[in-house]
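# Architecture and fold: a report
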Amino acid sequence: MKFDFLKKFNAKIVTIVALAVVLAVGGGTVLAIGTSSSNRENPELSEQEAKAAAFSHAGIAEDDVLALQISKGTENGSPVYEIEFKTAEKSYDYDVVRNSGEILRSSYDVITQEKAVETKENTSSSSQTDTSSSTPSSEATKADTNPASSQATQPNSTSSAITKDKAKSIALQDAGVKESDTQFLWVKEDYEDGRAVYDVEFYANGTEYDYEIEKSSGRILNSDYDIEHYSPNNGSGNTTTISLEKARSIALAKVPGASASDVRIHLDRDDERQIYEGEIYYNRMEYEFEIDAFTGNIIEWSKERWD
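### A closer look at the confidence of the model for the chain
Scored by pLDDT, the chain has a mean of 74; 65% of the residues are at 70 or more. In the model, residues 12-40 has pLDDT below 50 throughout and makes zero contacts with residues more than four positions away in sequence or in other chains. Low pLDDT, under 50, characterises residues 112-158; the predicted model gives this stretch 34 contacts beyond four residues in sequence or across chains.

Spelled out as structure tokens, the structure:
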């Protein structure tokens, strides 16, 4: 009898201990699951993951990319990575949702211009210039009365419209870049505000350049350049920022004749780096710039003509 009692008592103890173990393990599992679920709540992709998603969607390898720019933004209320990149054949534009990797928007432009489009644009351009030549030349009158503008308006005739090669050389000369130093270079005819222009883009020495050149005169209407794959401090080791006055003088050195009163500049933060951001308004031109607050390097520069 005594032994039967002990057997029953021991069985109860074993059952209680086993139940405690199950509860402890189960509770730990639930806790682990809850913690893991909490850690995965609203995850955000890294730039590398977003870039890989865009390349995969485009069907290209990273080695094929000649120029790349990634920034954070918002599209339709969703936080996204805005990714732009170029290969030798196409220019791509992607919006990738940061917390899911979904491709929210994608587009591309073929860099090689098709002859059918070129022929159509040339025909349209010829019609426009024929119409303008039959009307009184008010621009010629302006040039005679305003000596400063005579040089810019002198080429405005159908016979003096510049070629693609000329537009290319104008852009390269302005940028101070040799054609042999470019990784890719393309020129496309386009229309902007009712006038024929050449869009010129090229990539050289880690910088992407964009130009808009008036076809009839060869004037540079817009231009900008961006340093690609730029990182804070750019490896300079500097830990203090340059002064506002120093940044202003760096920007003014790019625009001969402009003075401090023509500049608007302030210290800002962009993509976890400190920059001086500002504009210069001078001689019917608008310049926009970003300057590394630590090194004084100009990392973005653009100019636009006021007509």
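### Re a negative patch on the surface
On the surface, Glu192, Asp193, Glu288 and Glu304 cluster together into a negatively charged patch. Position of Glu288 relative to the elements: it lies in strand S11 (residues 285-292).

### A word on the sheet that holds strand S2 (residues 78-86)
The strands making up a sheet are joined through hydrogen bonds of the backbone, oriented either antiparallel or parallel. The strand order S1-S2-S3-S4 describes an open sheet built from four strands, whose pairing is antiparallel. The outermost strands of the open sheet, each flanked by one partner alone, are strand S1 (67-75) and strand S4 (103-110). This sheet shows a mean twist of 15° between the axes of neighbouring strands, independent of strand direction. Note: S2 against strand S3 (residues 90-97), seven bridges, orientation antiparallel. By the bridge assignment, Val80 is partnered in S3 with Val97. Lying on the sheet, helix H2 (residues 47-58) is in contact with S1, S2, S3 and S4; it crosses S2 at an angle near 60°.

Parameters at a glance
Residues numbered from 1 in each chain as written. Predicted model: local features only at pLDDT ≥ 70, side-chain atom pairs only at ≥ 80, totals over all residues. Heavy atoms only, no water. pLDDT = per-residue confidence, 0-100. Contact = heavy atoms within 4.5 Å. Patch = residues over 30% accessible without salt bridge, like charges linked within 9 Å, V, L, I, M, F, W, Y side chains within 5 Å. Areas by Shrake-Rupley, 256 points an atom, 1.4 Å probe, with all protein chains shown as cover. Salt bridge = Lys/Arg side-chain N within 4 Å of Asp/Glu carboxyl O. Lys, Arg positive; Asp, Glu negative; His and termini not counted. Charge placed at Lys NZ, Arg CZ, Asp CG, Glu CD. Helix = DSSP H or I, 4+ residues; strand = E, 2+ residues; numbered from the N terminus. Pairing = 2+ DSSP bridges. Axes fitted to C-alpha atoms, helices over the stretch in contact; angles between N-to-C directions.

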